[in-house]
Amino acid sequence: MRKIAVLCGLCLMVSCDWFSSREASTRKLVDKELSGIDWNDVDQYPLFTECDEVVAKTAQRECFENTLLKHLALTLQDYEFVLNKDFEDTVYVDFLVGREGQLSVLEIQENEAVREQIPEFNGIITQSLKSLPKLEPALKRGIPVNAKFRIPLELNTN
């Protein structure tokens, strides 16, 4: 009889998890899962209709950036700028792709030469976004998320 009591007592001490609440164990599992997620990276980049969603993430990003760069280059080619002097520069444009796929300019980082030579540059870039093809948002675990990007635009007068 004594052996049974000792065995039952040992089983009770070992099985403390049997008495913990289901909510606590679920919370523990969720916290472990959340700590393993890289929140600075997306599972799928924003995609234009011409981009393939089943290719690797790097190819998705390249397609997104190249489509955007081509669109901006075509837009800038439509304008005839009158410049005082030749210059070559890189302008960085920070974009935000929203949860519904809308694209907006956050900031255009340009130097003084671009501001002086092409004062309407920011307006042209912002306006060109209105004629972009449909864009699907970035996804994280199947959920649409905001995604921020920086695109370099190389400007030269040659």
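If you're wondering where the values come from, they're calculated on a predicted model, not measured in any experiment.

Parameters and conventions
Residues numbered from 1 in each chain as written. Predicted model: local features only at pLDDT ≥ 70, side-chain atom pairs only at ≥ 80, totals over all residues. Heavy atoms only, no water. Core = buried A, V, L, I, M, F, W, Y, C linked by side-chain atoms within 4.5 Å. Buried < 20%, exposed > 50% of the residue type's maximum accessible area, 1.4 Å probe, protein only. Helix = DSSP H or I, 4+ residues; strand = E, 2+ residues; numbered from the N terminus. Contact = heavy atoms within 4.5 Å. 1 Å grid on protein atoms, 1.4 Å probe; cavity = no way out; pocket = protein on both sides within 12 Å on 5 of 7 lines; lining within 4 Å. Points joined across faces, edges and corners; volume = space filled by probe spheres on them. Nonpolar A, V, L, I, M, F, W, Y, C, P; charged D, E, K, R; others polar. Phe/Tyr/Trp six-rings, centres within 6.5 Å; stacked < 30°, edge-to-face > 60°.

### Digging into the nonpolar core
Then, in step 1: Leu68, Phe95, Leu103, Phe121 and Ile125 are the most contacted members of the largest nonpolar core, which has 32 residues in total.
Then, in step 2: Sorting the residues of this core by element identifies β1 (47-48), α3 (57-77), β2 (88-97), β3 (103-109), α5 (121-128) and β7 (147-156) as the ones contributing at least two each.
Then, in step 3: Residues in contact with Phe121, not counting those within four places in the same chain, are Leu76, Val91, Ile108, Glu110, Val114, Leu153 and Leu155.

### Overview of the environment of Asn40
Then, in step 1: Of note, Asn40 is situated in the loop between α2 (22-35) and β1.
Then, in step 2: On a C-alpha basis, the gap between Asn40 and Ala147 in space is 9.4 Å, while along the polypeptide they are 107 residues apart.

### A look at the layout of surface pockets
Then, in step 1: Quantified by volume, the largest pocket comes out at close to 370 Å³.
Then, in step 2: Taken together, 17 residues make up the lining of the largest pocket; nearest its centre are Ala73, Leu76, Glu154, Leu155 and Asn156.
Then, in step 3: Looking at the lining of the largest pocket, the elements that each hand over two or more residues are α3 and β7.
Then, in step 4: Grouping the constituent residues of the lining of the largest pocket by class yields 12 nonpolar, 4 polar and 1 charged.

### Focus: the packing of aromatic side chains
Then, in step 1: In the structure shown here, the tally under the stated rule is 3 aromatic pairs.
Then, in step 2: Between Tyr45 and Phe149 the ring centres are 6.0 Å apart and the planes differ by 50 degrees, which places this aromatic pair in the tilted class. Placement of the pair is Tyr45 in the loop between α2 and β1 and Phe149 in strand β7, with a sequence separation of 104 residues. The pair formed by Tyr45 and Phe149 is uniform in burial state, with each residue classed as buried.
Then, in step 3: Summarising the aromatic geometry, the rings of Phe48 and Phe64 are spaced 5.7 Å apart at their centres and angled 15 degrees between planes, so their arrangement reads as stacked.

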